[in-house]
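Listed here are the chains, written in short residue letters.
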Amino acid sequence: MARAEGTEATADGETPDFARRRSLAASLDACLGYLVEVPAAALVVAEIVVLFAGVVSRYLLHRPLIWSDELASILFLWLAMLGAVTAFRRGEHMRMTALVAQARPAQRAFLDAVAVCAALAFLILIVRPSWDYAYEESFITTPALQISNVWRAAALPVGIGLMAAFALLRLVRICNMRTLLGAAATVIVVISAFRLMQPWLLPLGNVNLVIFFVGVAGLCVFAGVPIAFGFGLAIYGYLSLTTRTPLIVLVGRMDEGMSHLILLAVPLFVFLGLLIEMTGMARAMVAFLASLLGHIRGGLHYVLIGAMYLVSGISGAKAADMAAVAPVLFPEMKKRGAEPGDLVALLAATGAQTETIPPSLVLITIGSVTGVSIAALFTGGLLPGAVLAVTLSALVWWRHRGDDLSHIEKTGAGEIARTFVVALPALALPFVIRAAVVEGIATATEVSTIGIVYAVFAGLLLYRRFDWRRLLPMLIETASLSGAILLIIGTATGMAWGLTQSGFSRTLAATMTGLPGGGVSFIAVSIVAFTVLGSVLEGIPAVVLFGPLLFPIARAVGIHEVHYAMVIILAMGMGLFAPPFGVGYYAACAIGRVDPADGIRPIWGYMLALLIGLIAVAAFPWISIGFLK
């Protein structure tokens, strides 16, 4: 995995003064890190307790805790920010290193320092608006707990301030004075140049979208700046230099993106994945699946595709779905020789493939904003996902048709039966989770806590494996990984809002209405447009923005609404999980602990397979509407 940690840039003969400063910075980093990581771990536990208590109180005692969601929301923003701080300290914010890795050691050290300085610049620029945002929220009283909302909003300036502190400590630790001054000067010159160009930028209108959302964001990504901070610099520059929008609004949009309660499933499913591995449930499950399919070329790759199809939509967030599957299968797949880049590419591709599987939040959102029947969307979403699973499986077969499996023996029926019995409690977990959602026992957010409690009891009572010493590191890892993912989502949400305010959505709709060729052209352009949009926007914001505009057009040109919904969701999913801008791709890399550069080459084959499946879904409406009554 690419880390934001810089290459040590000191000379061989560092001075005693520098060594003392470096030692002091390391000590401060360790002390401050402990003060951040332990509360972050405690917040993960608190979220599990609060949400599970809400399920028990509502379903078993029939006395709902009206304050549970509100308290969970407050704690969640603190968890997201402290998790992002932890990720920053540990160097776990995702960054693209494809170009940086090719540089010579001295150049790479400089670029790493530039990346830290760029992240620090964004944090310094946004800290005042975040403080103002928290102050404005202090006048709001929460409806259930009747406390000031500043208790929640304060997480933003506190988290931003702590990340800035860790950035400074890292620069002291990894840079000599020459490298530090050069990196800082580079960032200051670039920012100052954009500031001086403001009079020329203002008249350009929507051309600024290309300059900032493609140019600045792309430059940051390829220069090795952590993705979240590259996105943040792009939207900050766009709003501050080309609009009169108060920057407090950007902080509000980041807050909205990071703290959407459904995203609470992300850290809980991350922890559930770690828990399954620690308790031995993952080992039992993989042993059974390997005995069943391990002798087939690419067997566990097929298992990954099927597992994502099975659990997808449970949480409503693709990152959470991937977090539930990847920790179970990746270790064994790597032991069998699978390349990490290929694994994360397939994981990202299955994230796109399963966007239409109910009960997907994207489907629910389309129904709510366009008036299309949610029941029809749920029925229509199953087969398109299966079609894309077939095209992905075909590529897996092609890529692995020549694998040497001479060292792997086919398992006998008796051994398969034995491993099945051992794995049965683990195999039952996805069905327990899905049943809890379908039967209304828990929401898509709460259901992960049922899985956690189930895994704890299975580990303690059935598998007799529960290493208490690993619990704190697992909780810290959960907070760190979740914070890295959520900060990317937060800054991407800010970019989405900027697109909305620019009038881009209205321009797009007007252009597509006048296309020649009727429905065929409209669907073709929709596929291209939503693939591009998916690389910038999360599914729900894109649907809210463009659904009410484009679905009436689809009806007017004779396209069934359910069919159109499946096409644009799959296209948007491809964009969301395609590098170099797709947020979902970096989330997959973060979950798989793989450098994004490693997955770029293999993912394009999977994207081609997805495109073939998407074309089939678009060309044959029956796939989407054949089972509708």
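Preceding block: the structure.
Every value quoted in this text rests on a predicted model; they were computed, and no experiment measured them. (Residues numbered from 1 in each chain as written. Predicted model: local features only at pLDDT ≥ 70, side-chain atom pairs only at ≥ 80, totals over all residues. Heavy atoms only, no water.)

A closer look at the overall build of the protein chain
Next up, step 1: Scanning the protein chain from N- to C-terminus turns up 27 helices and 0 strands.
Next up, step 2: Relative to the globule expectation of 25 Å for 629 residues, the C-alpha radius of gyration of the protein chain, 24 Å, shows essentially globular dimensions.
Next up, step 3: For the protein chain, the spread of C-alpha atoms along the principal axes amounts to about 70 × 65 × 60 Å.
Next up, step 4: Accessible surface computed for the protein chain: about 25,300 Å², of which carbon and sulfur atoms make up 68%.
Next up, step 5: One finds the centroid of the 39 positive side-chain charges in the protein chain at a distance of 2 Å from the centroid of its 35 negative side-chain charges. (Helix = DSSP H or I, 4+ residues; strand = E, 2+ residues; numbered from the N terminus. Rg over C-alpha atoms; globule rule 2.2 N^0.38 Å. Areas by Shrake-Rupley, 256 points an atom, 1.4 Å probe, with all protein chains shown as cover. Lys, Arg positive; Asp, Glu negative; His and termini not counted. Charge placed at Lys NZ, Arg CZ, Asp CG, Glu CD.)

Concerning the environment of Ala19
Next up, step 1: With respect to the helices and strands, the residue Ala19 is situated in helix 1 (residues 16-60).
Next up, step 2: The class of Ala19 is partly exposed, set by a relative accessible area of 28%.
Next up, step 3: Between the alpha carbons of Ala19 and Leu304 there is a distance of 48 Å; along the sequence they are 285 residues apart. (Buried < 20%, exposed > 50% of the residue type's maximum accessible area, 1.4 Å probe, protein only.)

Describing the packing of aromatic side chains
Next up, step 1: Per the stated rule, a full pass over the model turns up 12 aromatic pairs.
Next up, step 2: With a centroid separation of 6.3 Å and an interplanar angle of 70°, the aromatic rings of Phe212 and Tyr238 are classed as edge-to-face. A residue pair is termed long-range when its members are at least 10 positions apart, and Phe212 in helix 8 (residues 207-222) and Tyr238 in helix 9 (residues 227-242) qualify at 26 residues.
Next up, step 3: What makes Tyr238 buried here is its relative accessible area of 6%.
Next up, step 4: The cationic tip of Arg399 hangs over the ring face of Tyr606; the distance from NZ or CZ to the ring centre is 4.4 Å. (Phe/Tyr/Trp six-rings, centres within 6.5 Å; stacked < 30°, edge-to-face > 60°. Lys NZ or Arg CZ within 6 Å of the ring centre and 35° of its normal.)

Considering the side chain of Ser448
Next up, step 1: Within the element layout of this structure, Ser448 appears in helix 19 (residues 447-462).
Next up, step 2: Judged by its relative accessible area of 0%, Ser448 is buried.
Next up, step 3: Excluding residues that lie within four positions of it along the chain, Ser448 makes contacts with Leu268, Phe269 and Leu272. (Contact = heavy atoms within 4.5 Å.)

Some remarks on helix 26 (residues 596-619)
Next up, step 1: Taking 1.5 Å of rise per residue, 24 residues should cover 34 Å, and helix 26 covers 33 Å from first to last C-alpha, within 8% of that figure.
Next up, step 2: The largest bend along helix 26 measures about 45° and falls at Pro602.
Next up, step 3: Taken as a whole, helix 26 has its buried residues at Pro596, Gly599, Pro602, Ile603, Tyr606, Met607, Ala609, Leu610, Gly613, Leu614, Val617 and Ala618.
Next up, step 4: Sitting at the amino-terminal end of helix 26 is Asp595, which places a side-chain oxygen 2.9 Å from the backbone nitrogen of Ala597. (Expected span 1.5 Å × (residues − 1). Bend = angle between axes of the 7 residues up to and from the residue. Polar contact = N/O pair within 3.5 Å; in protein donor to acceptor, adjacent residues only side chain to side chain.)

Overview of helix 10 (residues 248-258)
Next up, step 1: For helix 10, the full list of buried residues reads Leu250, Val251, Gly252, Met254, Asp255, Gly257 and Met258.
Next up, step 2: Packed against the buried residues of helix 10 are helix 2 (68-90), helix 3 (105-137), helix 4 (150-153), helix 5 (155-174), helix 9 and helix 20 (471-501).

A short note on the packing of helix 15 (residues 340-353) against helix 26
Next up, step 1: Helix 26 packs onto helix 15 with a crossing angle of 35° between their chain directions and a minimal axis gap of 8 Å. Every pair of crossing elements has a handedness; the one defined by helix 15 and helix 26 is right-handed. Listed contacts from helix 26 to Gly341, Asp342, Val344, Ala345, Leu346, Ala348, Ala349, Ala352 and Gln353 of helix 15 are Asp598, Gly599, Pro602, Ile603, Tyr606 and Leu610.
Next up, step 2: Class assignment of the residues belonging to the contact of helix 15 with helix 26 gives a composition of 10 nonpolar, 3 polar and 2 charged. (Axes fitted to C-alpha atoms, helices over the stretch in contact; angles between N-to-C directions. Left-handed = near helix turned anticlockwise from the far one by under 90°. Nonpolar A, V, L, I, M, F, W, Y, C, P; charged D, E, K, R; others polar.)

Things to note about the pattern of salt bridges
Next up, step 1: Counting across every chain of the model gives 13 salt bridges.
Next up, step 2: Between Arg399 and Asp342 there is a salt bridge whose closest N-O contact spans 3.3 Å. With a gap of 57 residues between them, Arg399 in helix 17 (residues 374-399) and Asp342 in helix 15 connect regions that are remote in the sequence.
Next up, step 3: Residue classification places Arg399 among the partly exposed residues on the basis of a relative accessible area of 30%.
Next up, step 4: Judged by relative accessible area, which is 11%, Asp342 ranks as buried. (Salt bridge = Lys/Arg side-chain N within 4 Å of Asp/Glu carboxyl O.)

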